[in-house]
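# Overview (structure and organization)
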Amino acid sequence: MAQNKPIGKLLEDAGFINEKQIQVALNVQKSNPMFFGEILQDLDFVTSNEIAEAIAMQNGLEYVDLSTIVPTAEALKLVPHEIAKNKNILPIAVENNTLVVAMQDVNDIMTLDYLKKVSSKQVKLVVANQASIARYSEIYYYQMTNPIEAEIAELVKQTLNNKEIDVPHLVDLILNNAIKDRVTDIHITPENSAIHVFYRIDGVLRHYFSLPKKLHSQIVARIKITCNLDISEQRKPQDGSFSYTFLNEDFDLRVSTLPTNYGENIVMRLLGKGTSLFSLAHLGLTAQNSKKVENYFSKPYGIVLIVGPTGSGKTTTLYSALRKVNSLEKNVMTIEDPIEYKFTFIKQTQLHEKAGYTFDAAIRAFMRQDPDVMLVGEIRDPQTAELAVRASITGHLVLSTLHTNDAIGTIPRLIDLKIPPYLIGSGLLGVIAQRLVRKLCHYCKKELDINKKELIEMGVPETIINEYSDYKVYEAVGCQQCKYTGYNGREVVVEILDVDKEIESLITEEASTLELLKVAKHKGMHTMKEDGYIKVLQGITSFSEIDRVID
């Protein structure tokens, strides 16, 4: 077992916090007698994941992300739900004669002895954060005694036998199953012979259920009533929202209806209120790219843009990097639409266009608030673009997002927004373009026998192969853990345009994107495709996934 270090020292040793943050937390503790770890999280100095990771490192144990694991029924049955709940543990699997259990308090000898006794097995501890353990313990024990998909199948059977069913309950089951399976969007699509329910998981739509067509009008009416939409209006699109609670966890759902030739199509975006922040390391940036991003966010002035299409993780990257800004010494202000994560010591404001509080109006107001760092959720128009760039060259660090396909394409996009090239060159620190790719399921991925010549023929640059000479390439297979997709979770692939003096000069001289790309690559920039190939060689994702996501 580990030395019993104070949590603050543990986190400092792991590089998650510094001495100044510890002192602030100690000052808070004098006026609020919370646990020290809770104060650090409340101040947004660390995430619950980072606390768990530090404990794992300290104890020489494996840290696990429970969102990528499906506990086996065999493991769950060995430990009663009440015990798992009270002790905040989650049985994950049985390996030979060993019960694998996730917990955070790995020095709880009494619980360890109890587990050995109740399971009649050896016990292997892995570390996960307390909030995740509590969440997934509730979900999987619930699923074991109340199998959601089986209950939906039973309701379908009753409908086909002309029995009346509880439609609100059916809608709840569809939502509960989506929450269980980490779904971001729910599609309820009517067709000629049935209603189809699709879930978007890790960016990919998957068909889950087919429901009798005669339930369509009742399902639509139930959803519309829940979010205060007009149930009599079926000819026009409508938008609404509602809050939902499952197993004591709160969610917001944004609802969109669209009339089609087979009836109204419904899409619901599922947003968890307890969303936790990531660190740059968890996003999947290589060490080299992570260092570049951290360097940008430590600059006193300039503009950093994160670009990509909708759903490419721009906001998550922006907020993860924002955690690197020293908000104890800098005045950080944000304008967001909406506020997705809440930060301590950062002045966050929300867009309100009807009231005249737009992105450009916010930047004007910020300039009177003595700012050091300004986060502008998105650059949408020439006014916002000009104000953001001008703020960046007058002593402020400006962070924002933009819709472009790649890093180099950001330059002509800014010119299209009426920004003079000389302002772009002098203000821009760097551009981070990104996409999200699915990670291979580590339980079932299959290693491929592939040599250097074959990799080159597939388009992988020889320089990258030489850099990752101990590569292992895998393909997706599929198992119970990944719901037979072969993938579990996602991370970013990026390309970073570093605007140094030479690139600045080329931008000012209005060089072509081809010239800019040539010079940037000569200076070591990897394109998104190349960054994707690196992740393939590291065994993180597959060639087919890179081809699916990146042109």
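Up top is the structure.
Being a predicted model, the structure only gives us computed values, none of them experimental.

An α-helical segment advances 3.6 residues per turn. Residues three or four places apart therefore align on the same side. Within helix H23 (residues 528-537), ten of the ten residues are buried, which leaves it mostly tucked inside the rest of the structure. Taken together, the buried positions of H23 are Met528, Lys529, Glu530, Asp531, Gly532, Tyr533, Ile534, Lys535, Val536 and Leu537. Positive backbone phi, at 80 degrees, marks Gly539, one or two positions downstream of H23.

We now examine the sheet that holds strand E7 (residues 238-246). The strand order across the open sheet built from six strands is E6-E5-E4-E9-E8-E7, with neighbouring strands paired in antiparallel fashion. Only two strands of the sheet have a single partner each, and these edge strands are strand E6 (204-212) and E7. Ignoring which end each strand starts from, the neighbouring axes of this sheet average 20 degrees apart. Lying over the sheet, helix H10 (residues 167-180) contacts strand E4 (185-190), strand E5 (194-201), E6, E7, strand E8 (249-260) and strand E9 (263-272), oriented at roughly 75 degrees with respect to E7. Across the face of the sheet, helix H11 (residues 216-226) comes into contact with E4, E5, E6, E7, E8 and E9 while running at roughly 45 degrees to E9.

Time to look at the pairing of strand E14 (residues 397-402). Within E14, six of the six residues are buried, leaving the element largely enclosed by the surrounding structure. Burial along E14 is two-sided: the face carrying Leu397, Leu399 and Thr401 and the face carrying Val398, Ser400 and Leu402 are both buried. Pairing of strand E10 (residues 302-307) with E14 involves six bridges; the strand directions are parallel. What sits directly across from Val304, in E14, is Leu399. Where strand E13 (residues 373-376) lies against E14, four bridges are found, and the strand directions are parallel. Looking at E14, one finds that Val376 is bridged to Ser400. Note on the crossover from E13 through helix H16 (residues 382-392) to E14: the handedness is right-handed.

Glancing now at the pairing of E9. Relative to E9, E4 is paired through four bridges, and the arrangement is antiparallel. Bridge pairing links His187 to Val267 in E9. Relative to E9, E8 runs antiparallel, the two being bridged by ten bridges. Residue pairing in the sheet places Phe251 in a bridge with Gly272 of E9.

Reading the values: the criteria
- Residues numbered from 1 in each chain as written.
- Predicted model: local features only at pLDDT ≥ 70, side-chain atom pairs only at ≥ 80, totals over all residues.
- Heavy atoms only, no water.
- Buried < 20%, exposed > 50% of the residue type's maximum accessible area, 1.4 Å probe, protein only.
- Helix = DSSP H or I, 4+ residues; strand = E, 2+ residues; numbered from the N terminus.
- Pairing = 2+ DSSP bridges.
- Axes fitted to C-alpha atoms, helices over the stretch in contact; angles between N-to-C directions.
- Contact = heavy atoms within 4.5 Å.
- Right-handed = clockwise from strand over helix to strand, strands pointing away.

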